[in-house]
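Structure at a glance
What follows is each chain in one-letter form.
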Amino acid sequence: MVHGATYPIGSLYDVELDGFTFLDYLASHGYDVYGVDVRGYGGSTRPPEMDQPADQNPPLVRTETGVRDFGSAVDFVLKHRNLSKVNVLGMSWGGTVAGAYTSLNNNKVNKLTLIAPQWLSNNPIPIDTGGLLGSYRLVPAGTTKERWLSAAPEGKRDSLLPDGWFEKWVEATLASDPNSKTVHPEHIRATNGPILDIREYWTVGKAFYEPKDITVPVLLIHAEWDIDVPLDLAQNFFTSLTGASYRRWVEIGEGTHMVLLEKNRVQAFQAVQSFLDENYTPAGQ
């Protein structure tokens, strides 16, 4: 599993809500789960430029670096467990990392799950707020709730996150960056390479990789109120997966881009589990 452009594994897949995390859920259903923090995120090594002022260096950790780091982790797991293939999952920017990796390494992937993956957009993408890009950005975890909930209709916002869930997420998010208590209190660092790639690929009509080159089964999970990856983007991406042996779309009602941390998260968990569990081959293949 690989994370998105802002939050690491511990902030997306390993926050304990209602007594268990996404990683716990998959592990309890028989899967050995490996979470990959790309360099610059979570528990992985941070480039030395991240200890310098952001405006002193260009954007760090472009998507090709994420693909390379992810590939190193896959090769480790294959060797460590004596496997020929693994199941792969990525969310948002992580969907690009996992998708691009799979397009180049179908022989190492059993099934691919993508949650709100990036795709070509004619409109601005919310994560890119404009302006000059330094090597990284500081993200104030504790003040993101309003933006998070703003994706939902006004009358539905209060019920999207059960009591205490946001606070647990903030705690896990800040714990992922050792500087969040000292150098930049209440903030985590997130690299700007993925934002630069939005400008040089996704919003100028240039795909970072070709979805048609993916030949393994693909599950796409999307949530109703996702403003980071709107419905038309998800649909255009899905219809581009013409080489997949089979593909499936699961739409989660009443969820945002962060659906894995919201009240309907188990719907997404169950969809992933079902996809991984099934032994299915289209007729005639």
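Just above sits the structure.
A brief structural summary. (Residues numbered from 1 in each chain as written. Predicted model: local features only at pLDDT ≥ 70, side-chain atom pairs only at ≥ 80, totals over all residues. Heavy atoms only, no water.)

Attention now goes to the layout of surface pockets. Approximately 810 Å³ is the volume attributed to the largest pocket. Contributing to the lining of the largest pocket are 41 residues, with T6, I127, R137, R147 and D228 lying nearest its centre. Among the secondary structure elements, those contributing two or more residues to the lining of the largest pocket are β3 (136–140), α5 (145–150) and α8 (193–200). Tallying contributions element by element places β3 first for the lining of the largest pocket, with 4 residues. For the lining of the largest pocket, the per-class residue count stands at 24 nonpolar, 11 polar and 6 charged. Taken as a whole, the second largest pocket spans an internal volume of roughly 560 Å³. (1 Å grid on protein atoms, 1.4 Å probe; cavity = no way out; pocket = protein on both sides within 12 Å on 5 of 7 lines; lining within 4 Å. Points joined across faces, edges and corners; volume = space filled by probe spheres on them. Helix = DSSP H or I, 4+ residues; strand = E, 2+ residues; numbered from the N terminus. Nonpolar A, V, L, I, M, F, W, Y, C, P; charged D, E, K, R; others polar.)

Attention now moves to the nonpolar core. Membership of the largest hydrophobic core comes to 88 residues, with the highest contact counts inside it found for Y13, F22 and W169. Those residues in contact with F22 that sit more than four places away from it in its chain are M1, Y13, L89, L260, R265, F269 and V272. (Core = buried A, V, L, I, M, F, W, Y, C linked by side-chain atoms within 4.5 Å. Buried < 20%, exposed > 50% of the residue type's maximum accessible area, 1.4 Å probe, protein only. Contact = heavy atoms within 4.5 Å.)

As a further point, take the sheet that holds strand β1 (residues 86–91). Strands sit in the order β1-β2-β5-β6 across an open sheet of 4 strands; the sheet is parallel. Single-partner strands in this sheet number two, and they are β1 and β6 (247–252). Sheet twist, expressed as the average angle between the axes of neighbouring strands with direction ignored, equals 15 degrees. Sheet topology note: the strand β2 (residues 109–115)/strand β5 (residues 218–223) ladder contains 4 bridges and is parallel. Following the sheet pairing, T113 is matched in β5 by L219. Helix α4 (residues 93–104) rests against β1 and β2 of the sheet, and its axis sits at about 145 degrees to β1. (Pairing = 2+ DSSP bridges. Axes fitted to C-alpha atoms, helices over the stretch in contact; angles between N-to-C directions.)

Let's shift gears to the pattern of salt bridges. As enumerated under the stated definition, the model contains 13 salt bridges in all. Between R147 and D228 there is a salt bridge, with its nearest N and O atoms 3.1 Å apart. One end of the pair, R147, is in helix α5; the other, D228, is in the loop between β5 and α9 (231–239), with 81 residues separating them in the sequence. For R147, a relative accessible area of 43% translates into the label partly exposed. For D228, a relative accessible area of 15% translates into the label buried. The salt bridge partner of R189 is D177, with a shortest N-O separation of 2.8 Å. Taken together, the residues R189 in strand β4 (residues 187–191) and D177 in the loop between α7 (165–175) and β4 connect sequence positions 12 residues apart. An identical accessibility class is assigned to R189 and D177; each is buried. The network of salt bridges with common partners includes D51, D177 and R189. (Salt bridge = Lys/Arg side-chain N within 4 Å of Asp/Glu carboxyl O.)

Moving on to the side chain of N57. Checked against the element boundaries, N57 lands in the loop between α2 (22–28) and α3 (63–81). Among the residues examined, N57 registers a relative accessible area of 17% and is labelled buried. Excluding residues that lie within four positions of it along the chain, N57 makes contacts with E49, Q52, G134 and S135.

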